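Observations on chain architecture
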Amino acid sequence: MAEGRVYNFSAGPSVMPLEVLEEVQKELVNYKGSGMSVMEMSHRSKEFMTIASEAEKDLRDIFGVPSDYKVLMNQGGATLQFASIPLNMLGTEGKADYLVTGQWSEKAAKECNKYGTGQVACNTKASKFTTIPGKSEWKLDPEAAYVHYCDNETVNGVEFSYTPDVGNVPLVADMSSNFCSRAIDVSKHAYIYAGIQKNLGPAGMAVGFVHPSYAGGEHELKICPTYMSFKTTADNGSMYNTPACFTMYVMGEYLKYTKQKGGLAYWAEQSDKKSTMLYSCIDGSDGFYCCPVEKSSRSRMNVPFTIKGGNEELEKKFLDGAKKEKLYTLAGHRSVGGCRASLYNGMPIEGVEKLTSFMKSFMDENRN
């Protein structure tokens, strides 16, 4: 670990691989002899157009994006996509199904209701979003314009371990917090979108993979703002206006690094090792630590846990003590409390080793 750095378990923006940061640092003032920083150059310049085209090519290569799909690089993060999706995909149906398994899918469904009807096909709020129900419990509408799900819920720590089977209805996925952590079947989806500030770069942008059926404007509502149009974005190579240039550049460096390390298989292996290590520590604590999420629905990315049944005084002591060991940003989301460790790609295995070591010593000191 570089001098002065800490192990940052933030849920996003989040830790990035040191090698990527150092490469960006090296080119920050004078990018490849251009005499200027990427932050300063025109997005129409030869240098930046190369950056953008290489980023798209690497996205296609790494994720296996079908050649007829369009790759979108949208500003506004995933939250803006909550509105963009119904505006571009509701068409004449006017209704869509939402699998609500956490706070982000809940917000997406509410946003849809501004432009049509966001039908809740399942909702686990009663269980405090700690499980993903089986398909037999979903109430799917075969006439829905699409079915939306959130592959990994950052706040609540639940993750789909499979691609939902929704029949012939187009499938839409918010993959913001587990994007680039495992292989995905893009062809099973009409649209995949992901804010990149978890596993692929800094904040400010959402990547989208869109099926050609939704890239031509056929399902776009008349009230859809030009700036939010999938067709406009695709037709203009994600440069209808000035894009998030620096964010796109850093993402491109992260993608190159991903290729060097072996692609999504490498990140999947690392994720499994890190999450298994932490969950084993929690489950082996004889109740001192507790993860509220059903085991079959647990996230590899975001691990929420409580201490002694939610003892706030003890949890504060834990967070204060963790900082002394250079273990930062372990507080749970303000809406649920407790603790949470986010294990994104940029978190090295030694960071999780240090966290579990601290957790064991803290438990020994505070069990009684």
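Every chain is numbered on its own, with residues counted from 1 as its sequence reads. Predicted model: local features are reported for residues with pLDDT of at least 70 only, side-chain atom pairs are reported and counted for 80 or more only, and whole-chain, interface and lining totals are derived from all residues. Side-chain calculation: all heavy atoms of the structure are included, whereas hydrogens and water are not.

Contact pair helix 8 (residues 312–324) / helix 9 (residues 349–366): the axes reach a minimum separation of 11 Å and the direction vectors enclose 135 degrees. As the angle between them shows, helix 8 and helix 9 are arranged oblique. Of the two elements, helix 8 crosses helix 9, and the hand of that crossing is right-handed. Contacts between helix 8 and helix 9 involve Leu314, Lys317, Phe318, Gly321 and Ala322 from the former and Leu355, Phe358, Met359, Phe362 and Asn366 from the latter. Residues that form the contact of helix 8 with helix 9 fall into these classes: 7 nonpolar, 2 polar and 1 charged. Where helices are involved, their axes are fitted lines through C-alpha atoms of the stretch in contact, as for all axes, and angles between N-to-C directions lie from 0 to 180°. Helix and strand assignments follow DSSP, with helices taken as H or I runs no shorter than four residues and strands as E runs no shorter than two, numbered in order from the N terminus. For classification purposes, angles smaller than 35 degrees are called roughly parallel, those larger than 145 roughly antiparallel, those between 65 and 115 roughly perpendicular, and all remaining angles oblique. Here a crossing is called left-handed whenever its near helix is offset anticlockwise from the far helix by less than a right angle, and right-handed whenever the offset is clockwise. Contacts were defined at the residue level, with two residues in contact if any of their heavy atoms lie within 4.5 Å. Gly falls in the polar group here, along with every residue not listed as nonpolar (Ala, Val, Leu, Ile, Met, Phe, Trp, Tyr, Cys, Pro) or charged (Asp, Glu, Lys, Arg).

Our focus in this paragraph is the sheet that holds strand 14 (residues 339–342). Across the sheet, which stays open at both edges, the 3 strands sit in the order 11-12-14 with antiparallel pairing between neighbours. Lying at the two open borders of the sheet, with one neighbouring strand each, are strand 11 (289–290) and strand 14. Strands qualify as paired when DSSP identifies two bridges or more between them. The pairing of strand 12 (residues 302–307) with strand 14 spans 4 bridges and is classified as antiparallel. By the bridge assignment for strand 14, Pro304 is matched with Arg340. Its contacts with the sheet put helix 8 on strand 11, strand 12 and strand 14, and the angle it makes with strand 12 is roughly 125 degrees.

With that out of the way, let us pick up the packing of aromatic side chains. Only centres within 6.5 Å qualify two rings of Phe, Tyr or Trp (six-membered ring in Trp) as a pair; their planes then separate them into stacked at under 30 degrees, edge-to-face at over 60, and tilted for everything else. What the rule picks out here adds up to 22 aromatic pairs. Each ring, one from Phe305 and one from Phe318, has its centre 5.9 Å from the other, and the planes form 90 degrees; the classification is edge-to-face. Here the residue Phe305 occupies a position in strand 12, and Phe318 occupies one in helix 8, the gap between them amounting to 13 residues. For the pair formed by Phe305 and Phe318, the shared burial category is buried. Grouped by ring-pair contacts, the aromatic residues Phe288, Tyr289, Phe305, Phe318, Phe358 and Phe362 constitute a single cluster. Only lysine NZ and arginine CZ atoms are considered, and such an atom sits over a ring when it is within 6 Å of the ring centre and within 35 degrees of the ring normal. Taking the ring centre of Trp104 as reference, the NZ or CZ of Lys107 above it sits at 4.5 Å. Categorising residues by exposure relies on relative accessible area from a 1.4 Å probe, with only protein chains included: less than 20% of the type maximum marks a residue as buried, more than 50% marks it as exposed, and the intermediate range marks it as partly exposed.

Further remarks concern a nonpolar patch on the surface. For patches, a residue must show more than 30% relative accessible area and have no salt bridge; joins then use 9 Å for like charges and 5 Å for nonpolar side chains, namely Val, Leu, Ile, Met, Phe, Trp and Tyr. Where accessible areas are quoted, they stem from the Shrake-Rupley method and a 1.4 Å probe; at the residue level, only the protein chains shown are allowed to cover. A pairing counts as a salt bridge when a side-chain nitrogen of Lys or Arg comes within 4 Å of a carboxyl oxygen of Asp or Glu. A cluster of nonpolar residues, Leu28, Val29 and Met39, forms a patch on the protein surface that exposes about 310 Å² of accessible area. With respect to the helices, strands and loops of the structure, Leu28 is situated in the loop between helix 1 (18–27) and helix 2 (46–63).

Of the grid points, spaced at 1 Å and generated over the protein atoms alone, those admitting a 1.4 Å probe that cannot get out make up cavities, while open sets with protein on both sides within 12 Å along at least five of seven lines make up pockets; any residue with an atom within 4 Å of a point is treated as lining. Grid points are joined across faces, edges and corners, and a volume is the space filled by probe spheres set on the points. By volume, the largest pocket amounts to about 450 Å³. As for the largest pocket, its lining consists of 23 residues, and the residues nearest its centre are Lys128, Asn156, Pro292, Val336 and Gly337. Of all the secondary structure elements, the ones that give two or more residues to the lining of the largest pocket are strand 12, helix 8 and strand 14. In terms of residues, the lining of the largest pocket owes the most to one element, strand 12, which gives 3 residues. Broken down by class, the residue content of the lining of the largest pocket amounts to 8 nonpolar, 10 polar and 5 charged. Approximately 350 Å³ is the volume found for the second largest pocket. Along its surface, the second largest pocket is lined by 22 residues, and Pro17, Leu18, Glu19, Gly346 and Pro348 are the ones closest to its centre. When contributions to the lining of the second largest pocket are tallied by element, the ones reaching two or more residues are strand 1 (7–8), helix 1, helix 6 (245–261), helix 7 (264–283) and helix 9. Top contributing element to the lining of the second largest pocket by residue count: helix 7, with 3 residues. Class assignment of the residues belonging to the lining of the second largest pocket gives a composition of 14 nonpolar, 4 polar and 4 charged.

As for its position among the elements, Ser37 is in the loop between helix 1 and helix 2. Counted as a polar contact is a pair of N or O atoms within 3.5 Å, where, for protein atoms, one must be capable of donating a hydrogen and the other of accepting one, and residues adjacent in sequence contribute only when both atoms are in side chains. At 2.8 Å, the side chain of Ser37 and the backbone oxygen of Leu28 are in polar contact.

In this section: the sheet that holds strand 4 (residues 117–123). On the basis of which strands lie adjacent, the open sheet formed by 7 strands has the order 2-10-9-8-5-3-4 and mixed pairing. Each of the sheet's edge strands pairs with one partner strand only, and the pair in question is strand 2 (70–75) and strand 4. When strand polarity is set aside, the average angle formed by the axes of neighbouring strands in this sheet is 20 degrees. As paired strands, strand 3 (residues 95–100) and strand 4 are joined by 6 bridges and run parallel to one another. Paired with Ala96 across the bridge in strand 4 is Gly118. Contacts from helix 3 (residues 77–89) reach strand 2, strand 3, strand 5 (147–150), strand 8 (171–174), strand 9 (191–195) and strand 10 (205–210) within the one sheet, and its direction differs from that of strand 9 by about 160 degrees. Strand contacts of helix 4 (residues 103–112): strand 3, strand 4 and strand 5, with the helix running at about 165 degrees to strand 3, the strand carrying the most contacts.

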